[in-house]
Amino acid sequence: MTPRAFLHRPQALVGAVLLVALVAACLLVPVLSPHDPYAVDFAQKLQGPTADHPLGTDFFGRDLLVRMALGGRASLLVAAAALALILVLGFVYGSVAALARPRLGALLLRVLDAVIALPRLPILIVILVAVRLQANVLTLVFALAVVNWMLTARLVHGQIVSLQEREFVVAARAVGARSSWIAVRHLLPNSLGILLVAAFLELPALILSEALVSVLGLGLNPPQASWGTIAQDAIGQGRTYELVLPSVGIALFAIAANWVADGLQDVLDPRSL
Amino acid sequence: MLVTFALLRGAGGSPFEPPPGFARVPLPVQNELRRFYNLDEPWPVEFLTYVRNVATLDFGPSQVDRYTTVDQVVEQSLPVTIQLALLALLFAVPVGILLGLVSAATSRRAADAAASSFATLLLVLPVFLFAQIASKWLVQEWGLVPGGWDEWRAKVVPALVLGLAPAGYTARLVRAAATEVLREPYVGTARAKGLRRPRIVFVHVLRNSLVPLLAASVPLLALLVTGAFFVEGPFGIPGASAWFLTAAQTRDYPMVMGLTVALTALVLVASLLADVAAAALDPRVRERRT
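The structure displayed is predicted, hence computed values, not measured ones.

J.: Could you give an account of the overall build of chain A, naming the residues involved and the relevant values?
T.: Secondary structure assignment for chain A yields twelve helices and zero strands. Reading chain A from its N end, one meets helices and strands in the order α-α-α-α-α-α-α-α-α-α-α-α. The contacts of chain A with a sequence gap of at least 6 include a subset with a gap of at least 24, amounting to 68%.

Set out below in structure tokens:
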């Protein structure tokens, strides 16, 4: 993989820049802004965009720009934590399914297919309702990971299986390398790249999931801002403008991450070199 | 199923736990209720009884309203959700295919970019945004269409809203597939024979671009199920996901279980049907059988 090949794809480059800009905005705005994201000021409530409040204020007179940024932080943090779990889980499951004896591997693959077909949101809701008495950010992270690890497992499995037919692996086998050696030395390191692709494919899905369950009142709790809780407030009080903000945030993030993932996939795919 | 059961049963909490400041339910009444709902058995017995009931499609009474059984709710609400999803697909698939074909086959880059970006936007903007805007303005403020699910006029808008994301997804899939197919030699042959371009695109390319669409039934179904959770509520549609959310909020375990099983079964049957359809459409898959 050459970084330059990635940089030569305009879409991937724009996506990467957009992602960095979004993350930077989420990190910097709360530090630089003079407004307290939790300070209630009814004299200022429901303002449109002004010089003082670039995105306006919400029902409690809180600055929406700061809340969007803080919300982005929270959404990203939850998604990133869930992503870490997913990558580990997916990598382990995918590689075991690919490297195990054929019978076991086929069984694991069948199970994966079955689990993928299950409707995720109802199961996510069941889990969150079940743990609601002890609900906190950690349970949310775990629940998101439990219903979203399958794509990564599938990608890792596919990568290892396709690697097994590549010349250098066949050559290693031909010179008598043990299969455990081949797995540790050739297959697993070379399938790490696909994790990067999986990460950029999963991140927007996780951010969206967080928003979906928060809108249903099962995610983070107000006044903690996340893109989901901002949307939840907006829906509860019937204000379209406030709903558009987090939706656009989610959409922008999804588009940027997708472009990066596409670019990475092209670069990592040996056929395109 | 065991997992769902264990989660809900092991979650602690009980329907008899009063909110702070409210009187407890008298103990004899509690015991009577426990017996009625089979909650007095140890949990393995409870689970086995439950499995036996579910196997015979008897999900038992609701824990919140003892005169309503879960079966009744499933029977009434599942067809509503199925109808909503089918109506959404009826709109989403043709629109998505058209959008995808246009953006793959057009020679103008601007048209392609416009169609692709439109499809992407449909896919990535969260469904609750569209649902909220449509229900707020079309139903509540302007009163153009009624809410609920009684008249056909009420069904159009929710189905459209639910179909937006699947349409975007379909368009992206078809665009990718059609771009590949257009490079196939037989498309060149067709052109050499003197066939018009629309005929090539809509007859030769279309058919072969549909296979990846049917193969992608799982994500499509996920979009529909997820979407239903955010469309049924705002439009006041008495579908399975609306019931599911109410039941989840009132900790009505049998209801949640029954609806989870029903929704899961629905999704599995639908993806099975899509697989069969894909096999019927794709000569390569058909060949493998024989």
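J.: So what's going on with the overall build of chain B? Residues and values would help.
T.: In terms of helices and strands, chain B carries 13 helices and zero strands. When its helices and strands are written in sequence order, chain B yields α-α-α-α-α-α-α-α-α-α-α-α-α. Each of the 290 residues in chain B was classed as buried or not, and the buried ones make up 38%. Taking contacts inside chain B between residues at least 6 apart in sequence as the whole, the part at least 24 apart equals 71%.

J.: Could you give an account of the interface of chain B and chain A, with specific residues and numbers?
T.: With 31 residues of chain B at the interface, the matching set in chain A holds 30 residues. It is helix 12 (residues 253-281) of chain B that contributes the most residues to the side of chain B that touches chain A, seven residues altogether. Here the residues of the side of chain B that touches chain A sort into 21 nonpolar, nine polar and one charged.

J.: Would you mind going over the environment of Leu220 of chain A in detail, with residue names and values included?
T.: Residue and element names in this part refer to chain A. Relative to the elements of secondary structure, Leu220 occurs in the loop between helix 10 (192-215) and helix 11 (227-236). For Leu220, a count of 23 C-beta atoms within 10 Å corresponds to the buried category. Separated by 146 residues in the primary sequence, Leu220 and Ala74 have C-alpha atoms spaced 8.9 Å apart. Once you skip the residues sitting within four places of it in the chain, Leu220 turns out to touch Ala74, Val137, Leu140, Ser214, Ser226, Gly228 and Thr229.

J.: Help me get a handle on the packing of helix 3 (residues 64-99) of chain A against helix 4 (residues 102-117) of chain A, residues and values and all.
T.: A pair of packed helices is captured by two measures, namely the crossing angle of their axes and the spacing between those axes. Residues and elements named next belong to chain A. With their axes 7 Å apart at the nearest point, helix 3 and helix 4 run at an angle of 140° to one another. Taken together, helix 3 and helix 4 sit at an angle that is classed as oblique. Here helix 3 runs over helix 4; the crossing is left-handed. On the side of helix 3, the interface is formed by Val96, Ala97 and Ala98, while helix 4 contributes Gly105, Leu108, Leu109 and Leu112. Among the residues forming the contact of helix 3 with helix 4, the class breakdown is six nonpolar, one polar and no charged.

What counts as what
Residues numbered from 1 in each chain as written. Chains lettered and ligands numbered in written order. Predicted model: local features only at pLDDT ≥ 70, side-chain atom pairs only at ≥ 80, totals over all residues. Helix = DSSP H or I, 4+ residues; strand = E, 2+ residues; numbered from the N terminus. Contact = placed C-beta atoms within 7 Å. Buried ≥ 20, exposed ≤ 12 C-beta atoms within 10 Å, placed from the backbone. Nonpolar A, V, L, I, M, F, W, Y, C, P; charged D, E, K, R; others polar. Axes fitted to C-alpha atoms, helices over the stretch in contact; angles between N-to-C directions. Parallel < 35°, antiparallel > 145°, perpendicular 65-115°, else oblique. Left-handed = near helix turned anticlockwise from the far one by under 90°.

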